[in-house]
Amino acid sequence: MTIKIVDLFAGPGGLGEGFSKFGNGKAFKILVSAEMESNAHETLRLRSFFRLIQDDPRALRKYYEFCNYKEVKEPYDTHSKAAWIESGEEARQIKLGDPIGNEELDLILNQKLRPEDLWVLIGGPPCQAYSKVGRSRNIGKADYRAEDDPRFYLYKEYFRVIKDRCPPVFVMENVEGILSAKVHGAKIFPNILNELSSPGTDASGKARLGYRIHSLVTDTVFEHGTKLESIDERDFIVKSEVFGIPQARHRVILLGIRTDIVTPFERLMALPAADRVHVEHVIGDLPPVRSQLNKQQDSPMLWRNEVQKHLSELATDAKRKDKGRLSASLNVAANDVQHDLSHGSTRFPRELDSKLKPRMADWYLDSNLKVWLNHEARSHMTSDLRRYGYAATYAELHLRSPRGHEEFDLSGLAPNHANWKSGKFIDRFRVQRRSEPANTVTSHISKDGHNFIHYDPTQCRSLTVREAARLQTFPDNYFFSGPRTLQFHQVGNAVPPMLGNLIAKIVHQILTKAIVN
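Summary of the structure given here. Position numbers for residues start from 1 in each chain and track the written sequence from start to end. Only residues with pLDDT of at least 70 are given local features in this predicted model, and only at 80 or more are side-chain atom pairs given and counted; all residues enter the totals for whole chains, interfaces and linings. Only hydrogens and water are set aside when side-chain values are computed; all heavy atoms of the structure are taken into account.

A word on the side chain of serine 197. In this structure, serine 197 sits in helix H8 (residues 189–197). The classification of residues rests on relative accessible area computed with a 1.4 Å probe and restricted to protein chains. Under 20% of the type maximum is buried, over 50% is exposed, and intermediate values are partly exposed. Residue classification places serine 197 among the buried positions, given a relative accessible area of 3%. Definition of a polar contact: a pair of N or O atoms within 3.5 Å, with one able to donate and the other able to accept a hydrogen when the atoms are protein atoms, and with sequence-neighbouring residues admitted only if both atoms are side-chain atoms. Among the polar contacts listed, one links the side chain of serine 197 to the backbone oxygen of asparagine 194, at a separation of 3.2 Å. Any two residues whose heavy atoms approach within 4.5 Å at even a single point are treated as in contact. For serine 197, the residues in contact, after removing those within four places along its chain, are Gly210, Tyr211, Ile213, Phe222, Glu223 and His224. Strands are runs of DSSP state E lasting at least 2 residues, helices are runs of H or I lasting at least 4, and numbering of each runs from the N terminus.

Here's what the structure looks like:
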């Protein structure tokens, strides 16, 4: 039995990928995935195409030629053109909330879904309006009113499909900030729980079936009639690092089960805890690359000289300030900087075998790839090279990133910012430490790399798209389309596919063992 998937606000397809990979790719099938942004949609379609041709060696050869060689402009040929067309039927560029977009989605669902089908609605409505960072940014806008921000209400497009189609199960993901977000002075999360658990009546006035909203980490269940004060809303937060995901990504995930579906479990089986996976476990096998020099002449040797100069100057200043261990570490880093590092590329030649542990190797690696996809370092201003090299060296020595102006106290480290010493920018520069799960990979990585500094000071850079994708658990053959900035944006907004795969297992057990009353 194959369970159908409808994926709304799909981004590049992280949650859908997790479901699609479960059960050797046979347990679930995506009927439609809807995404508004054109580059994310292109990534989504390319991945849909890959899934469709997985059992066709001839079509796969052409796909891997496209991945491996930049001269190959299309992933399909005459043999696989039909699958490419089919991928366009699955992955749709649709603007939900727009009348034309809603009409297109409804037409697709009318054609592809039958009332008796077993299917799952998945997705995460855009979160910029709920995230703590986004809200703090909006506070600074004199004329900003949350109730006038259309992004606050996009979750209602997700609800509309639930109310109109009554999926047996849904999975809804959003940022932790949704728990505290307010409109008209009132928190919106209680309204979301109430609306989801009791979707009201249909056009004829008949009561729709409601939902039990389950936590994936505790026994907490919210259903119609539950008093909000009797539950802890934070029980719906999933802390990804607890479940073997290599980043501390904390997200609200709601698992809704229609009230006429009875499972044979005494309680819903929760996500299984796993050993913590560290940054180095998943990006340590990727080839070292260097940052590029921004707004000045660039070459491997010029870059090496610039980085060595910064690290050596910092070492001298550290010694002068009686920071002997830090000075020694900075000198070691300066001596270890290589003169022949590449800055990488969209298709970076793959010369060495990976040394990932078996479980990780099975998830990430693809022996048909002769390149590392999307592994290109961005350019940095020379002043940021100084800060990144210092921060990475400090983190190796002290097992944490330096914080604020009191720990960025060597010469030339302070940014030219009037509020640098105000305390508001204490975590402006953050190293992703090798021996811990990463901090949350967010879409902000598309703007600058200050919070995503590589742990190796001799590379002196922020993470590449491929490294960010590894931390998000995207397989290496997941090819991100568009300009690098928008590739970062796609990765940062996604649900980790490996987490989606764990959720898919729970959903599959519910639907294959359930009794429908």
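Now that the structure has been shown, we can carry on.
Quick look at the nonpolar core now. Soluble globular proteins: nonpolar side chains tend toward being buried together. What makes a nonpolar core is a set of buried Ala, Val, Leu, Ile, Met, Phe, Trp, Tyr and Cys residues whose side-chain atoms join them at distances within 4.5 Å. In terms of nonpolar packing, the biggest core is built from 88 residues, with Phe19, Phe28, Val120, Val171, Ile503 and Val507 touching the most fellow members. Not counting residues within four places of it along the chain, the set of residues in contact with valine 120 comprises Ile3, Lys4, Ile5, Val6, Phe28, Val169, Phe170, Val507 and Leu511. Ranked by size, the runner-up nonpolar core spans 39 residues in total, among them Ile94, Leu96, Leu196 and Phe236.

We now examine the pairing of strand E1 (residues 3–8). Regular strands show a simple pattern: their side chains alternate between the two faces of the sheet. By the criterion of burial, E1 is predominantly enclosed, with six of the six residues buried. The two faces of E1 match: Ile3, Ile5 and Asp7 on one face and Lys4, Val6 and Leu8 on the other face are all buried. Should DSSP find at least two bridges between two strands, the strands are taken to pair. Sheet topology note: the E1/strand E2 (residues 28–35) ladder contains five bridges and is parallel. Within E2, the position partnered with valine 6 by the bridge is valine 32.

This next bit is on helix H16 (residues 484–493). The set of residues buried in H16 consists of Gln487, Phe488, Gln490, Val491 and Gly492. The elements touched by buried residues of H16 are helix H2 (38–52), strand E16 (371–376) and helix H15 (465–471).

Attention shifts here to helix H13 (residues 382–398). With 17 residues, H13 ought to run about 24 Å at 1.5 Å a step, and its terminal C-alpha atoms sit 24 Å apart, in line with that. With 13 of its 17 residues buried, H13 lies for the most part within the structure. At the C-terminal side of H13, leucine 399 shows a positive phi close to 60 degrees. One fewer than the residue count of a helix, multiplied by 1.5 Å, yields its expected span.

The rule is simple: put a 1 Å grid over the protein atoms alone, call a set of points where a 1.4 Å probe fits but cannot get out a cavity, call an open set with protein on both sides within 12 Å along at least five of seven lines a pocket, and count a residue as lining if it has an atom within 4 Å of a point. Grid points are joined across faces, edges and corners, and a volume is the space filled by probe spheres set on the points. Per the stated rule, a full pass over the model turns up one cavity of 30 Å³ or more. In this model, the largest cavity occupies a volume close to 30 Å³. Lining the largest cavity we find Met172, Asn174, Ile178, Phe189, Ile192, Val252 and Leu254. The residue inventory of the lining of the largest cavity, partitioned by class, reads six nonpolar, one polar and no charged. Only Asp, Glu, Lys and Arg are considered charged in this grouping, and only Ala, Val, Leu, Ile, Met, Phe, Trp, Tyr, Cys and Pro are considered nonpolar; every other residue, Gly among them, is considered polar.

Within the fold, arginine 92 resides in strand E3 (residues 91–93). Overall, the relative accessible area of 15% leaves arginine 92 in the buried class. Each residue touching arginine 92, except ones within four places of it in the same chain, is listed here: Val32, Ser33, Ala34, Glu35, His41, Glu104 and Ile108.

Moving on to the layout of surface pockets. One number sums up the size of the second largest pocket: a volume of about 630 Å³. Residue lining of the second largest pocket: 27 residues in total, with Ser20, Asn24, Gly25, Arg51 and Gln54 positioned closest to the centre. Elements that contribute at least two residues to the lining of the second largest pocket include exactly helix H1 (14–21), E2, H2, helix H3 (57–68) and helix H12 (358–364). If one sorts the elements of the lining of the second largest pocket by residue count, H2 sits on top with four residues. Split into classes, the residues belonging to the lining of the second largest pocket amount to 10 nonpolar, seven polar and 10 charged.

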